[in-house]
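Spelled out, the chains give:
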Amino acid sequence: MKVIYLDREMQELPSCVATIGVFDGVHRGHQMLIRQVISEARKVRLSSVVITFDRLPRQVLDPNFRPQLLTTFEEKQRLLAHTGVDYLVVFPFSRELAALSAEAFMRQVLRDRLNVKVLLTGYDNRFGHRRTEGFNDYVRYGKEMGMQVLRGEAEMMDNGDRAISSSAIRELLSQGRVELMPEYLTWNYQVAGKVVQGYHIGHELGFPTANLQLNCPDKLIPASGVYAVWAALEGEDKERPAMMNIGARPTFDGTRQTLEVNIFDFEGDLYGKQLTVTFVSRLREERRFESPEALTVQLRKDKEAAEVALLRK
């Protein structure tokens, strides 16, 4: 996959079949749409292209908006590369771009700059100023400018009552349903960050923890609770079994959310190192215990439960 940043390069693309969107998470629905793009491109012997943005459009239009990203831009780029698409075109999103009507965007950007001959839209995707126009409008504009517009199919959740979407996945993560992520994302949800100084309470309880400061402050953090996870140190090829607590440490009257990872049977200094955490399952909710000793008893049970959960994966 070749990556082209439109603010840095004026390279002319070959005639192509393309789709456009944010693609946060590169979930099953996105993957299905991109497979359709690649299939259509092969049929008509054109290049396949995914067009995305360097940030969420709402981040530009609403300065107070704080996204909850499923993937950082680097993660999204890596996942898109695995789809087999020929090109990834990255737009610097701006207010000027947002002001373009759908017809102007299709003519000035998709046709004139990117040489799009066939456009596949997501089943519910809208673009252009205020997103007031829809698929039938895109088809009409496309006919006028010699561009075929097709609609991609929706990928449904297994119960059939809802299409897979980034917003639906965010909702599941906000409930702590990390075990569903391989089904909906096709990969286990991850967060990554630097190990920083914490409160050292875990060490005193016999469960030393790495306090994680996320590299991307806009990355979605799953619901508070205790999780079975895999932990990978930067520079290492292996993943280590671990458990993670997300919460405010209510047993010790904490008020600020922390992300604390206990890597099983690990000895060594982790401060300042990069750590990637892969979620497997949620073991329990975070709760207040009547004493540190009662918490220690529960942590032993949590470790046993985490080891069982990780053995299953």
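Structure shown above.
Description of the structure in this document. Remember, it's a predicted structure, so these values are computed and weren't measured experimentally.

### Notes on unusual backbone geometry
- Despite not being glycine, Arg45 has its phi angle at roughly 60 degrees, a positive value.
- Structurally, Arg45 can be placed in the loop between α1 (28-44) and β3 (47-53).
- Exposure remark for Arg45: the relative accessible area of 79% places this residue in the exposed category.
- With phi around 75 degrees, Thr186 is a residue other than glycine that occupies positive phi space.
- Within the secondary structure layout, Thr186 lies in the loop between α8 (181-184) and β7 (190-196).

### Things to note about the environment of Gln274
- Relative to the assigned elements, Gln274 resides in strand β12 (residues 274-284).
- For the pair Gln274 and Val308, spaced 34 residues apart in sequence, the C-alpha separation works out to 26 Å.
- If near-sequence neighbours (up to four positions away) are discounted, Gln274 is found in contact with Gly193, Lys194, Asn215, Ala232, Leu233 and Glu234.
- Reaching out from Gln274, the side chain makes a polar contact with the side chain of Asn215 at a distance of 2.8 Å.

### Examining the packing of aromatic side chains
- The tally for this structure, following the rule as stated, stands at seven aromatic pairs.
- A centroid spacing of 6.5 Å and a plane angle of 45 degrees characterise the contact between Tyr5 and Phe73, whose relative ring orientation is tilted. Taken as a pair, Tyr5 in strand β1 (residues 2-5) and Phe73 in helix α3 (residues 73-81) lie far apart in primary sequence, 68 residues in all. Both residues of the pair, Tyr5 and Phe73, belong to the buried class.
- Where Phe53 meets Phe93, the ring centres are 5.3 Å apart and the plane angle is 85 degrees; that geometry is what we call edge-to-face. In this pair, Phe53 is assigned in strand β3 and Phe93 in the loop between β4 (87-91) and α4 (95-98), connecting sequence segments 40 residues apart. Pair check on accessibility: Phe53 and Phe93 agree, each one buried.

Quick notes on the rules
Residues numbered from 1 in each chain as written. Predicted model: local features only at pLDDT ≥ 70, side-chain atom pairs only at ≥ 80, totals over all residues. Heavy atoms only, no water. Helix = DSSP H or I, 4+ residues; strand = E, 2+ residues; numbered from the N terminus. Buried < 20%, exposed > 50% of the residue type's maximum accessible area, 1.4 Å probe, protein only. Contact = heavy atoms within 4.5 Å. Polar contact = N/O pair within 3.5 Å; in protein donor to acceptor, adjacent residues only side chain to side chain. Phe/Tyr/Trp six-rings, centres within 6.5 Å; stacked < 30°, edge-to-face > 60°.

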